[in-house]
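# A structural walkthrough
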Amino acid sequence: MNAYLVGADALGNIPQLLAEHGITVQKHVSGRNVAHQRKPPSLNGADLLILFTDFLSHNVMKAYRELANDEQVRFVACRRSVCALSQSLEKLGEVRDCSQCPNRKNKR
């Protein structure tokens, strides 16, 4: 699964947490650059949009949410912390341990 991240200057441990969930960072934009504050033309095949709310204005978040809805991409809005992101991913149903995944074919 690929994620498009919006917000935060530095990601810290977030890529590691996403990797534990089987998610790779496809693209990250900080949101501070004026070009990043405009609605992008496309999410370029991303499966998940992650918005870090403590770095974005309401208008920027609204534009990205609308784009995600238009392209039928799931999105998560949370603070930029490993704990907040982990809780948001769990609410989406992203299971860390593959042995608990309901779609797993090899159940042992």
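Just so it is clear, the structure is predicted and the values come from calculations on it, not from any experiment. In this convention, every chain numbers its residues from 1, walking through the sequence in written order. Thresholds applied to this predicted model are a pLDDT of at least 70 for local features of residues and 80 or more for the giving and counting of side-chain atom pairs; totals over whole chains, interfaces and linings are not thresholded and use all residues. Based on all heavy atoms of the structure, the side-chain values leave hydrogens and waters out of the count.

What follows covers the sheet that holds strand β4 (residues 74-78). Pairing is parallel in the open sheet, where four strands are placed in the order β2-β1-β3-β4. Pairing within the sheet leaves two strands with one partner each, and these edge strands are β2 (24-29) and β4. Within the sheet, the average angular offset between the axes of one strand and its neighbour, ignoring direction, is 20 degrees. The rule for pairing is simple: two strands pair if DSSP sees at least two bridges between them. Going along the chain from the N terminus, every DSSP run of H or I of four or more residues is numbered as a helix, and every run of E of two or more is numbered as a strand. Of the pairings in the sheet, the one linking strand β3 (residues 48-52) to β4 comprises five bridges and is parallel in character. Along β4, the bridge assignment pairs F52 with C78. An axis is simply a line fitted to the C-alpha atoms; with a helix, the fit covers only the stretch in contact. Between two such axes, the angle follows the N-to-C directions and lies from 0 to 180 degrees.

We now examine the nonpolar core. Membership of the largest hydrophobic core comes to 16 residues, with the highest contact counts inside it found for L5, I14, L18, L48, I50, F52 and L85. Looking at this core, the elements that each hand over two or more residues are β1 (2-6), α1 (14-20), β3, β4 and α3 (82-92). When checking whether two residues touch, look at their non-hydrogen atoms; a contact exists if any pair is within 4.5 Å. In contact with F52, not counting residues within four places along its chain, are L5, V6, G7, A8, L11, I14, C78, R79 and R80. For our purposes a nonpolar core is just a set of buried Ala, Val, Leu, Ile, Met, Phe, Trp, Tyr and Cys residues, chained together by side-chain atoms within 4.5 Å. Three labels apply to residues, based on accessible area from a 1.4 Å probe with only protein chains included: buried if under 20% of the type maximum, exposed if over 50%, partly exposed otherwise in between.

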